Amino acid sequence: METENNKGKTVLVLGGGIGGVRVARELNKLIGNENGITLGKILIFEKEKTNLFAPSLTKMMVGERETAQIQDDLSKVALGGIEVVSGEIESVDPNTITVKSGGQTYTGDYMVVSLGTEQHDANNLSSFGHNFYTADGAASFYKQLKNFKGGKLAVVVSSLPHKSPVAPYEAAMLVDQYLRDRNLRDKTELSLYSPEKAPMPFAGDAVSGDVRSIMQKRGISYFPQHQLTGASDGQLTFTNEKGEAVEVKTDLLAYTPDHRCPAVISKSGMCGESGWVEVNPETLETSFAKVYAIGDITSIKTGDEEHLPKAGVFAQYQALTVAHNIVRQMHGKQPDKIFTAEGKYIMDQGNGKATRVGGNFYSSSLDIKESSAINHWVKILQEKSWFAGHF
Ligand SMILES: Cc1cc2nc3c(=O)[nH]c(=O)nc-3n(C[C@H](O)[C@H](O)[C@H](O)COP(=O)(O)OP(=O)(O)OC[C@H]3O[C@@H](n4cnc5c(N)ncnc54)[C@H](O)[C@@H]3O)c2cc1C
């Protein structure tokens, strides 16, 4: 419905990843845009031509997916009032709700920042390891895995925080199954090193303990509180919980990169002490009027030491909250939707089954469901419905 308030309003959506696409599509629907009728404009700023469904990268590591199967052309999202502005964002001014890209300046009435994380190489790991948080890294890991005949294989979390708290554990389990299916498991020492004190500590002791015991049953050696300090030519150095240096040799390495807040946002003055964009946990408002941030770029404290995990499931729920509240304001109404951090997170185990961690991530009331075939299929459905529903 067009009113004086929403007439001609423009929303700048920074990032065409999971959060950005979801918020843009929801805004388009709630504003009432159709092909031929544009009641409000939504500009998505994105440097990549394609949208990648990162939760399927672990499947790429074991040859169950190729890049083309887990990405789609972002221009397909440009329906109704949505336009895609292709290119690197050069600067952002949250005071004036302005974005510069391709030498042009764009001004909006509202802004939603969903630029995710910037990945950096830690300790020059890329010289011999594979960053499975990128499509190229997941593909190059699989290329090596296909020729792997046994030896020392490590999954390493190079630093905290990282997105998808489950991905390193899922990666280790999918690789474990791959090797079992090829009778190579007995010839392989499979290990996971992480600075975390336990698997997914934010989920509480019960969930953490369950994940630990799943790995133990599969013979995956787990080394928590191991901070990577050096790496060269297959040799890794960690500092363990006692402050001792631990040397480890690997024949094949999959690692997570260093995650940082995208520089264009750090420079904009939007980041807090955490180095990330700190938002109202229920409304995702930043400290700038009419400027919101969602997804991995945000930092939301859930306890003394814990933060809301950087996960697509939350980026999507946050997108729905923000879109709803922006459109309410366009109609001169008070925002009335809050983000509750209810969510489910599925960890595939490679054997046709998956485990589900779910509940309210703002409280400690999380539980882990018995591993089941249904959860495995739900995870596959998440990938299929992402593309079917948004592209
Ligand atoms: C291996 C792996 C497994 C995962 N598994 C799961 C899972 O099972 N469940 C789950 O919920 N989540 C999972 N995730 C996490 C999930 O992918 C992210 O949490 C989600 O993508 C966050 O959405 P976002 O919009 O915040 O960021 P992104 O989806 O990363 O989007 C950010 C976008 O901003 C763009 N951008 C950045 N800087 C600029 C710039 N200067 N100019 C223009 N564009 C820019 C980027 O190109 C990118 O497209 C996984 C992630 C990985 C890597």
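Since we're looking at a predicted model, the values are computed, not measured.

Draft legend 1. Examining the site of the ligand more closely. Lining the immediate surroundings of the ligand are 31 residues, of which Gly19, Glu46, Ser114, Asp296 and Lys379 lie closest. Within the backbone of Gly19, an N or O atom sits 2.8 Å from an oxygen atom of the ligand. Ile89 has a polar backbone atom sitting 2.8 Å from a nitrogen atom of the ligand. Protein contacts shield 91% of the accessible area of the ligand, which totals 1,000 Å² for the unbound molecule. Sorting the residues of the shell around the ligand by element identifies helix 1 (18-31) and helix 7 (312-330) as the ones contributing at least two each. Here the shell around the ligand is built from residues that sort into 13 nonpolar, 10 polar and eight charged. Both domains that furnish three or more residues to the shell around the ligand are identified here as domain 1 (9-117 + 261-340) and domain 2 (120-259).

Draft legend 2. Layout of the sheet that holds strand 2 (residues 40-46). Strand order in the open sheet made by the five strands is 5-2-1-9-21, with parallel pairing throughout. The strands lining the two open edges of the sheet, one partner per strand, are strand 5 (82-86) and strand 21 (291-293). Between one strand axis and the next, the sheet turns by 20° as a mean value, whatever way the strands run. Of the pairings in the sheet, the one linking strand 2 to strand 5 comprises five bridges and is parallel in character. Within the sheet, the bridge partner assigned to Ile44 lies in strand 5 and is Val84. Across the face of the sheet, helix 1 comes into contact with strand 1 (9-14), strand 2, strand 5 and strand 9 (110-113) while running at roughly 170° to strand 2. Those strands touched by helix 7 are strand 1, strand 9 and strand 21, and its axis lies near 175° from that of strand 9.

Draft legend 3. Up close: the sheet that holds strand 24 (residues 354-360). Spatially, 23-24-25 is the arrangement adopted by the three strands of the open sheet, whose pairing is antiparallel. In the strand order of this sheet, the two ends are held by strand 23 (342-348) and strand 25 (366-372), each with one partner. When the angles between neighbouring strand axes are averaged without regard to direction, this sheet yields 20°. Here strand 24 pairs with strand 25 via five bridges, running antiparallel. Bridging from a neighbouring strand, Gly358 pairs with Asp367 of strand 25. On top of the sheet, helix 5 (residues 205-217) reaches strand 23, strand 24 and strand 25; it is set at about 25° to strand 25, its chief contact.

The rules behind the values
Residues numbered from 1 in each chain as written. Predicted model: local features only at pLDDT ≥ 70, side-chain atom pairs only at ≥ 80, totals over all residues. Heavy atoms only, no water. Near = heavy atom within 4 Å. Polar contact = N/O pair within 3.5 Å; in protein donor to acceptor, adjacent residues only side chain to side chain. Areas by Shrake-Rupley, 256 points an atom, 1.4 Å probe, with all protein chains shown as cover. Helix = DSSP H or I, 4+ residues; strand = E, 2+ residues; numbered from the N terminus. Nonpolar A, V, L, I, M, F, W, Y, C, P; charged D, E, K, R; others polar. Domains from an automatic or database assignment. Pairing = 2+ DSSP bridges. Axes fitted to C-alpha atoms, helices over the stretch in contact; angles between N-to-C directions. Contact = heavy atoms within 4.5 Å.

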